[in-house]
Amino acid sequence: MSTIIAQSSILESAPQTPSESPKWFSDLQQQAWADFQSLPMPSRGDEVWRFGNLKQLDFSAFTEGGASEVKFQIPSLPDGVICLPLAEALQSHGDLVHEHFMKSDARLGSAKFTALHKAKTKNGIFVYVPDSVEVEEPIEVSHILTGSNEAIFPHTLIITGKNAKVSVVDRFSSSNEDDAGLCIAVNDLIAGEGSKLTYCAVQELNTNSRMIQVNATNVGRDAHATAFIANTGAQWARNESVSKMAGEGAHSDMLSCSIPAGTQQYDQRTYQHHASPHTNSDLLYKNTLYGTSKTVFSGLILVDEGAHYTDAYQTCRNLLMEDTTEANSMPGLEINADQVKCSHGSTSASISDEEIYYLCARGITPQLARRLIANGFSTDVVERLRNEKLETIVLEAIERKFATV
Amino acid sequence: MSSDTATVDRETQTAIDIDRSKGDFSFPENHKYDAGVGLTKATVDYISDVKSDPDWVRAFRHKGLDTFLDKPMPTHWATEDLENIDFDKIRYYLSDGQKPKRSWDEVPPEVLETFERLGVPEQERAFLAGVEAQYDSEAAYSNVKEELEKDGVIFVNSTEGLKEHEEVFRPWFGKVIPTGDNKFSALNSAVFSGGSFIYIPKGLKVKHPLQAYFRINSENFGQFERTLIIADEGSEVMYMEGCTAPKFETATLHSAVVELVAMKGAKIQYVTVQNWSSNVFNLVTKRGLAHEDAEVRWIDCNIGSRLTMKYPGVVMKGKRARGEVISIALANSGQHQDTGAKMIHAADDTTSNVVSKSISVGEGRATYRGQVHIPKHLKGCKNNTECDALMINATSKTDTYPAITVRGNQHVTQHEASVSQVSEEMLFYMQQRGISEAAAMSLAVNGFINDLVSEFPMEYSVELKRLIELEMEGSVG
């Protein structure tokens, strides 16, 4: 098997940067390819892969086909807003892309695969919202994995100017239920001073596919960034999310709602980095587990020296719907500053008999009662998006999932 | 601001020195047996020869040495400071070749004076059921009240335990903590000496605590005591340990292994007040095995040492077993208290509780590291973990790294952690009422740990509060 596929495996073939791309970009891709080859594979002893499933990291069977699609649903945009497929933005706004493209290190374990993404990415979206411009309607991008053993590397780069506002949704899905695919996605969110940036990823790949998603959020002075991840699909998904409070008064919400069932495995790593004083971050990750599914949550709050008056919260809640599920939680804190309020919490539990009994007493069947409670548990994090359109998109995905379990 | 901080740190430093003065003295060395510097097969054989170990113990030691040399330093998750331990410069065995005495009158005068100054004989008269006092590698004094001996209580050092009571000792020795558990448990297995062996017979509830006191007197020394406590069905015992060392310029290593076995319905409480001088690397492995309906409680207070890495654990092997860790850590400048708990649920309806409070002062670093493991096919397991950290100065540091694994849906776990400061409002409120700033800080800190201090036996909790007050002196920032 390996000999036939090896020729065009994503691990073997050097990047082919389109000739119309700027020189800096093709140089960058060549450099990233060299980095990918020299970086070590994650190994068992790595703390950032503790409880993780390293077997999922053999990507040798995947190739860069061309069958997968990207669809854009772009609302009418105010003047000055740039919203283009990444490939076009590289040509028309190369300098702006260059300034912000993948500037932060992947520090949560997937450096090697982030380098692979950097070397191979061709597609995705570039959004730039100038100072004081607000985009009300969400910008939607759909990535549809098509073809057997095809790999895609979608990139999302969002930049907001001073006091600007925008929301972007990335949807990841498969064109059919069977073809195994691989998606290694990276998103860079750069929230400028006083701006409001909301990003939402909805992952509904088929259960033969795998996903790595790496998020880097940089929150400027008095800005408010929200990064939301909904996971209902894929055989295995790894999310790495880093939020850096770079300017004073920065605020970051990191949210996730995941509903694994069957043999699905979700591995989520987060990092709340407070680099400036008077910043706050709030993380809420919720997992509802069915079947023999497994989740890993590992979170760290880092408060730098000098980042006084930080408020940072981190909560991971696991609802275990069946006796065969497994939830691993590693909520962590590293505090190097003074006048800091930090807390983290993690709970794992099942629905209590009293809750079911209460609903049954009102004529609701036990099955429906369990479903209602699970639904309520999952959806309260969705409300934290505080954006009706985005909430609807996520709730629909959740509904689709609950209908199958 | 910066000059302020510097003054504060100097004052903090003074506070530490005042406190340490109690244990900071030493006597000239008077050793008949000295295994020399560095660790080789010959060192291990030397110790075995001096102690006239049975063959199985000698083999056990050699296996320990091989495992130790094999295992890497755990610096991929632990602090790099571990690299500063120079295993070739440590002396692994020092003793005067005397058997432990049963009466303080027979103990060599300087050893007696050491323990007198630390208040050990006085405490024994006041409230203890038995005492073992270890001086460098071997126990100098070991005594247990006569009536307990009549009831069948065994309280001896580990060497005597493995020779005189092999039938009780051997089945559990190295079973709760296997040699290969970690690099330092392997090191201890190779060169262990001293520590207690305790056996409490069925149904016996020992009213007064048993105590061990570990004293390091020599420079560049490594102390490797090994303790095994077996509480037979339905028995109860409380064991307390204290420790001090003089403050040397060079690093000293203390690496103990403590194994507890609580048989059906038994209850073991293990109390530690760790007050090593700030040049000691304190790398200790402690674990208890709780059978059906048994309870193992670790009550742990870490004030001293340069680096402490200690995660007392309980393996709940029988139904309805209970495990508990109550932990207080105080990290001052130059100290890293890396403490935590390990709760392994291995039977239905087992419950565990971890309450950890840490205080970081000056440039001190306090770390909580925990593991809770609930495997498949169990039901009714419960864990509660709370860790609270208090930071006194702007330069203080604190970390929390828990790991919780739950398989199956018939369990409840919760983990909570918080980090806070003594607020300016709180201090202001007290100062308004005529309390000095330093006293207000001390009161606030005592309030923070008060509910845990009350878990310690009364004689200890008074001492603890005083110690913490001293450590906090002058650290208002």
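Residues numbered from 1 in each chain as written. Chains lettered and ligands numbered in written order. Predicted model: local features only at pLDDT ≥ 70, side-chain atom pairs only at ≥ 80, totals over all residues.

1. So, the overall build of chain B
Looking only at helices and strands, chain B features twelve helices and 24 strands. Taking 2.2 N^0.38 as the reference for a compact globule, 477 residues should give roughly 23 Å; the C-alpha atoms of chain B span a radius of gyration of 22 Å, in line with that estimate. Across its three principal axes, chain B shows a C-alpha extent of roughly 65 × 60 × 45 Å. Counting only residues that meet the buried cut, chain B has 57% of its 477 residues in that class. Sequence separation of at least 24 residues holds for 83% of the intrachain contacts in chain B that already meet a minimum separation of 6. (Helix = DSSP H or I, 4+ residues; strand = E, 2+ residues; numbered from the N terminus. Rg over C-alpha atoms; globule rule 2.2 N^0.38 Å. Buried ≥ 20, exposed ≤ 12 C-beta atoms within 10 Å, placed from the backbone. Contact = placed C-beta atoms within 7 Å.)

2. Topic: the overall build of chain A
In terms of regular secondary structure, chain A is built from eight helices and 19 strands. Projected onto the principal axes, the alpha-carbon positions of chain A cover approximately 70 × 55 × 45 Å. The buried share of chain A, taken over its 405 residues, is 51%. Looking at chain A alone, contacts between residues at least 24 apart form 84% of all its contacts between residues at least 6 apart.

3. Some thoughts on the confidence of the model for chain B
Residue and element names in this part refer to chain B. Per-residue confidence for chain B averages 88 on the pLDDT scale, and 94% of its residues sit at or above 70. When the criterion is pLDDT under 50, residues 1-9 qualifies, and its contacts beyond four places in sequence or with other chains add up to nine contacts. Low pLDDT, under 50, characterises residues 11-20; the stretch is placed with 24 contacts to residues that sit more than four places away or in other chains. Under the prediction, the complex receives an ipTM of 0.74, its pTM being 0.83. (pLDDT = per-residue confidence, 0-100.)

4. As for the interface of chain A and chain B
Interface size is often expressed as the accessible area that is lost when the parts come together. In this assembly, 33 residues from chain A lie in contact with 29 residues from chain B. Of all the secondary-structure elements, those providing two or more residues to the side of chain A that touches chain B are strand S18 (326-335) and strand S19 (341-349) of chain A. Here the element with the most residues in the side of chain A that touches chain B is S18(A); it accounts for ten residues. Direction of pairing for S19(A) relative to strand S24 (residues 412-421) of chain B: antiparallel, over a ladder of seven bridges. (Pairing = 2+ DSSP bridges.)

5. A closer look at the pairing of S19(A)
Residue and element names in this part refer to chain A. Where burial is concerned, the two faces of S19 differ: the one with Cys342, His344, Ser346 and Ser348 is buried and the one with Lys341, Ser343, Gly345, Thr347 and Ala349 is not. Sheet analysis places strand S17 (residues 311-320) next to S19, joined by nine bridges and oriented parallel. What sits directly across from leucine 319, in S19, is alanine 349.

6. A short note on the pairing of strand S22 (residues 382-391) of chain B
All names here are of chain B. The buried count for S22 comes to seven of ten residues, which makes it a mostly enclosed element. As paired strands, strand S20 (residues 351-360) and S22 are joined by ten bridges and run parallel to one another. Looking across to S22, one finds that isoleucine 359 is bridged to leucine 390. Looking at chain direction, S22 and S24 are connected through ten bridges and run parallel. Residue glutamate 386 lies in a different strand from S24, and its bridge partner there is glutamate 416.

7. Description of the environment of A:Arg269
All names here are of chain A. For arginine 269, the location among the structural elements is in strand S14 (residues 265-274). Given 24 C-beta atoms within a 10 Å radius, arginine 269 is considered buried. Along the backbone, arginine 269 and valine 70 are 199 residues apart, and their C-alpha atoms lie at a distance of 27 Å. The residues contacting arginine 269, other than those within four sequence positions of it, are Val48, Leu108, Gly109, Glu240 and Ser298.

8. Some points on the packing of helix H2 (residues 41-50) of chain B against helix H3 (residues 55-70) of chain B
Residues and elements named next belong to chain B. It is at 10 Å that the axes of H2 and H3 come closest, and there the two elements cross at 155°. As summarised for this structure, H2 and H3 are arranged roughly antiparallel, according to the angle between their axes. The handedness of the crossing between H2 and H3 comes out as right-handed. From H2, Lys41, Val44 and Ser48 reach across to H3, where they touch Val57, Arg58, Arg61, His62 and Leu65. Of the residues contributing to the contact of H2 with H3, the split by class is three nonpolar, two polar and three charged. (Axes fitted to C-alpha atoms, helices over the stretch in contact; angles between N-to-C directions. Parallel < 35°, antiparallel > 145°, perpendicular 65-115°, else oblique. Left-handed = near helix turned anticlockwise from the far one by under 90°. Nonpolar A, V, L, I, M, F, W, Y, C, P; charged D, E, K, R; others polar.)

9. Concerning the packing of H3(B) against helix H9 (residues 183-191) of chain B
Residue and element names in this part refer to chain B. The contact between H3 and H9 brings their axes to 7 Å, and the two run at 150°. Note that H3 runs across H9; the crossing there is left-handed. Residue-level inspection shows Phe60, Arg61, Gly64, Leu65, Thr67 and Phe68 of H3 in contact with H9, the latter providing Lys183, Ala186, Leu187, Ser189 and Ala190. Split into classes, the residues belonging to the contact of H3 with H9 amount to six nonpolar, three polar and two charged.

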